[in-house]
Amino acid sequence: KGTILHYDGNIWLAQDSVSTKVLHGVSAFDAEHVWAVGDSGTILFYDGTRWQTQDSGTTKNIYGVAAMAADEVCAVGDGHAYFYSDAGWKANEVKHFNGKGVAGTGVNHLWAVCGNRDVWSYNAGADPWEKHEKVAEKNLNGIAAAAVSDQSSHLWAVGDDGCIIFSDNGGSSW
């Protein structure tokens, strides 16, 4: 529990964790801006020297995190998406949402999977999270995004039984 490993180019080394909670996700913007998330609202931040806790404002489990910039981070978990800025973490309730993985090309353009066949997209606005139902044949557990030169977003989601789906148009079709 609370195990954090770092690869130095040759071997994996354990780092001092400030948590005993189960950790589920990790994302790095660079070597001095790394976040890990886990059970009971755990959010850890690595500044290039040491890990420290950050207040998530929740005791609910957080499963996925995506760092797009030093001050643009999104985490997802039980019923919420959490956004980080210089002011700290802010929770946004999302109905029927149990985020397991999140990816983005910026804090205003995010995608999440919830352990089922749906993909959620986020575009900043009044009701920003949109559910895209049954885009996969199997349950989806992880997602990755990449911005490409033509300003579109390429997305990959993975799930049960080796399922991999791909979108080259920001999730409009898979």
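A short tour of the structure in this document, coming up. Keep in mind that what you see is a predicted model, and the values were worked out from it rather than measured.

## Section: the pattern of salt bridges
Then, in step 1: Enumeration over the complete set of coordinates arrives at two salt bridges.
Then, in step 2: Its salt-bridge partner being D118, residue K131 comes within 3.6 Å of it at the nearest N-O pair. Of this pair, K131 sits in strand β13 (residues 129–132) while D118 sits in the loop between β11 (109–113) and β12 (119–123); the two residues are 13 residues apart in sequence, bridging distant segments of the chain.
Then, in step 3: Look at D118 and you get buried, because its relative accessible area is 8%.
Then, in step 4: Linking K138 and D161 is a salt bridge whose minimum nitrogen-to-oxygen distance equals 3.2 Å. Placement of the pair is K138 in the loop between β13 and β14 (140–147) and D161 in the loop between β15 (153–159) and β16 (164–167), with a sequence separation of 23 residues.
Then, in step 5: The partly exposed category is assigned to K138, whose relative accessible area is 36%.
Then, in step 6: For D161, a relative accessible area of 68% translates into the label exposed.

Parameters at a glance
Residues numbered from 1 in each chain as written. Predicted model: local features only at pLDDT ≥ 70, side-chain atom pairs only at ≥ 80, totals over all residues. Heavy atoms only, no water. Salt bridge = Lys/Arg side-chain N within 4 Å of Asp/Glu carboxyl O. Helix = DSSP H or I, 4+ residues; strand = E, 2+ residues; numbered from the N terminus. Buried < 20%, exposed > 50% of the residue type's maximum accessible area, 1.4 Å probe, protein only.

So, to be careful, I would describe these as geometric facts and stop short of saying anything about function.
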